[in-house]
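# Structure assessment
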Amino acid sequence: MRNAFRRLSLRLRLGLSAAVAVTVAVSAVAIASWLVTKQQLAHQLDSNLRNVQASPGYVQELLSLCGAELHGPEQRNETPTPYVVQVITSDGTACVAPGNKKLEIRATDIAVARGLLGSAIHDTVSEGGQSMRVSTTRPTMPARLSGGYAVSIAQPLDVVDKPLNNLALALLGFAGVGVVGAATAGVAISRGGLKPVEHLTRVAELIARTQDLTVRIPVDGGDEIARLSRSFNDMTEALAASRESQQQLIADAGHELRTPLTSLRANIQLLAKSYRSGRKLPEGALDDLLDSVESQTGELAVLIADLQELSRSDAQQGGATYAVVPLHEVARRALERVRPRGHEVRFTSDLDEWYVIADAAALERAIVNLLDNAVKFSPPEAVVSLRLGNGRLTVRDQGPGIAADELPHVFDRFWRSPTSRSLPGSGLGLAIVAKAVQEAGGTVTLRAAETQGTEAVVQIPGARTPPPTTAARGPRGGQL
């Protein structure tokens with residue numbers, strides 16, 4: 001049943017839900033009204049029966065029918081219609097006027113006749129099977145009416161049942177009209193209210209069918225549907241930006257791979273041609289050719305490694321576990337990794353303690369890239385300095401520096417300065433640095449040094465002392 005309900009359209013489900021809700025409410029009100037009316041009518045009937053009194057003359061006449069001995073002149077009176085009057089003696093004999101049907105006597109009626117109870121009121125039936133409401137009392141009579149007896153005043157329950165049945169039919173009719181009206185109104189209201197959702201669904205289906213992420217949903221108002229539309233537009237915009245970035249990365253990677261692959265292919269073809277023809281290359285040319293192959297192979301390896309690093313960082317974004325990392329220790333390890341590759345330069349370091357929440361491996365890779373960059377652009381015997389103080393990590397070289405108009409592009413993927421394109425590198429090193437620092441909640445900038453060279457500044461929020469626990473989970477850039 002639940003699965004069948006879920007298979008219905010949302011519009012129909014809202015209409016049915018409204019109909020069910022109105023049905024429950026109307027039914028509860030109708031039943032309560034019927035019960036209150038029944039109670040009021042029954043109370044009114046009992047009050048009327050208690051207030052009706054048979055005349056002494058009529059009671060005397062009924063007692064004479066039971067064979068009671070009366071003293072004094074007889075009095076005759078008509079029956080107090082529309083009520084049935086029955087006299088009950090202490091021995092259980094019932095007397096009614098001719099033409100009336102006797103009522104079934106209960107034990108409480110006899111108890112009233114014997115003086116054990118003051119009065120009794122209850123339901124009973126006549127000899128014809130008609131349901132009656134009866135009130136039995138022991139009235140005070142003249143002395144000539146000797147003996148124990150009680151007088152029952154009865155009226156058919158139809159005076160209550162018929163109005164109740166008519167009321168039930170009326171309530172049922174009104175309830176049916178209300179339920180049908182509520183269901184119709186619910187479907188109509190849901191149809192109007194769900195139009196924006198239907199439009200959103202059509203747009204989503206269009207995007208899924210055409211893969212066109214430029215489609216946007218018009219947003220009007222500030223309700224939940226408008227918020228959903230804005231969120232959907234933001235999502236498609238983010239997807240479009242991600243796709244554009246991916247396509248740009250593929251195009252840039254293809255462009256960067258083309259040059260070393262073309263050179264490598266030409267060199268290998270030359271070696272193959274020399275081998276097949278049996279004509280040996282000059283010794284100097286062969287050495288240059290082999291060195292070129294080795295260099296191009298190394299460039300491809302570096303480029304592939306950098307692409308893997310970027311793709312791994314993108315895939316793990318938002319799902320990595322961050323820990324409290326001693327930035328000074330990470331910087332020291334990075335310096336030890338770079339030192340063998342920078343044997344032509346001198347390194348200086350001054351590292352104060354600083355603890356951050358970050359991915360230690362990604363942060364170490366970023367600092368290694370900054371140091372490699374400084375070594376690559378520094379002349380022999382130059383000094384590369386590494387400083388860390390108050391959360392500010394600085395890498396300074398003594399190279400030619402970067403032009404001011406080139407600084408905004410240094411962290412773009414595959415961007416390389418025109419003056420450095422002859423040097424080895426993939427153009428992804430600084431992009432990896434920016435990615436790792438941003439994931440740690442920090443910032444990285446490149447600027448001209450005060451005297452000579454370039455200065456890279458990394459600022460990551462943290463603290464001088466570690467927290468009580470040495471590991472922590474938290475959002476990127478969480479404050480210690």
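Refer to the preceding data block for the structure.
Here goes a summary of the coordinates provided. Per chain, the residues get numbers from 1 upward, laid out in the order the sequence is written. Confidence filtering applies because this is a predicted model: local features only for residues at pLDDT of at least 70, side-chain atom pairs given and counted only at 80 or more, and all residues used for totals across whole chains, interfaces and linings. Values reported for side chains reflect all heavy atoms of the structure, with hydrogen atoms and water molecules removed beforehand.

## Focus on the side chain of S274
To keep things clear, this is the line we draw: Per the convention used, a helix needs a DSSP run of H or I reaching at least four residues, while a strand needs a run of E reaching at least two, with both numbered from the N terminus. Only protein chains enter the accessibility calculation, which uses a 1.4 Å probe; a residue is then buried when its area is under 20% of its type maximum, exposed when over 50%, and partly exposed in between.
As for its placement among the helices and strands, S274 is situated in helix α7 (residues 224–277). Taking relative accessible area as the criterion, S274 reaches 13% and is therefore assigned buried.

## Some points on the sheet that holds strand β3 (residues 119–125)
Applicable threshold: When DSSP finds two or more bridges between two strands, those strands count as paired. Interaxial angles span 0 to 180 degrees and are taken between N-to-C directions of axes, which are lines fitted to C-alpha atoms, for helices over the stretch in contact. Here, two residues are considered to be in contact whenever any of their heavy atoms come within 4.5 Å of each other.
Read across the open sheet, the five strands follow the order β2-β1-β5-β4-β3; overall the sheet is antiparallel. Edge positions in the open sheet fall to β2 (94–96) and β3, since each of these has one partner strand only. Across the sheet, the mean angle from the axis of one strand to that of its neighbour is 25°, orientation sign disregarded. Relative to strand β1 (residues 84–89), helix α3 (residues 56–65) is tilted by about 55°, and along the sheet it contacts β1, β2 and β5 (149–156).

## Considering unusual backbone geometry
Although it is not a glycine, Q211 sits at a positive phi angle of roughly 60°. Inspection of the secondary structure puts Q211 in the loop between α6 (195–210) and α7. The partly exposed category is assigned to Q211, whose relative accessible area is 47%.

## Overview of the nonpolar core
Note the cut-off: Nonpolar cores were defined as sets of buried Ala, Val, Leu, Ile, Met, Phe, Trp, Tyr and Cys residues, with membership established by side-chain atoms within 4.5 Å.
Core analysis: the largest hydrophobic core is formed by 38 residues, its most contacted members being V356, I367, L371 and L386. In terms of residue count, the dominant contributor to this core is helix α10 (residues 360–377) (eight residues). V52, A54, L62 and V160 belong to the second largest nonpolar core, which has 18 residues in total.

## As for the packing of α10 against helix α11 (residues 429–439)
The angle between the axes and the distance between the axes are what describe a pair of packed helices. Condition: Crossings are sorted by hand: turned counterclockwise from the far helix by less than a right angle, the near helix makes the crossing left-handed, and turned clockwise it makes it right-handed. Side-chain classes follow a simple rule in which Ala, Val, Leu, Ile, Met, Phe, Trp, Tyr, Cys and Pro form the nonpolar group, Asp, Glu, Lys and Arg form the charged group, and the remainder, Gly included, forms the polar group.
Orientation of α10 relative to α11, taken along the N-to-C sense of each, is 145°, at an axis distance of 9 Å. Remark: the crossing between α10 and α11 carries left-handed chirality. Across the interface between the two elements, A362, R365, A366, N369, L370 and N373 from α10 touch G429, L430, I432, V433 and A436 from α11. Class assignment for the residues of the contact of α10 with α11 results in seven nonpolar, three polar and one charged.

## Brief notes about the packing of helix α9 (residues 327–338) against α10
What counts is decided by this rule: Relative orientations are named as follows: roughly parallel for angles under 35 degrees, roughly antiparallel for angles over 145 degrees, roughly perpendicular for angles from 65 to 115 degrees, and oblique for any other angle.
The contact between α9 and α10 brings their axes to 9 Å, and the two run at 45°. Classed by the angle they form, the pair α9 and α10 counts as oblique. Two packed elements cross with a definite hand, and for α9 against α10 that hand is right-handed. The segment α9 lies against α10, with L327, V330, A331, R333, A334, L335, R337 and V338 engaging A360, L363, E364, I367, V368, L371, D372 and V375. For the contact of α9 with α10, the per-class residue count stands at twelve nonpolar, no polar and four charged.

## A short note on the side chain of D397
Heads up, the condition is: Residues scored as positive are Lys and Arg, those scored as negative are Asp and Glu, and His as well as the terminal groups of each chain are ignored. Each reported salt bridge corresponds to a side-chain nitrogen of Lys or Arg within 4 Å of a carboxyl oxygen of Asp or Glu. Any pair of N or O atoms that falls within 3.5 Å is considered a polar contact. Within protein, one atom must be able to donate a hydrogen and the other to accept it, and sequence-neighbouring residues count only if both atoms are side-chain atoms.
For D397, the position within the fold is in the loop between β10 (392–396) and α11. Notably, D397 is buried but unbridged: the nearest opposite-charge side chain belongs to R396, and the N-O separation is 8.0 Å. A polar atom in the side chain of D397 sits 3.0 Å from the backbone nitrogen of G399. Within the structure, the side chain of D397 is placed 2.9 Å from the backbone nitrogen of T454, a separation counted as a polar contact.

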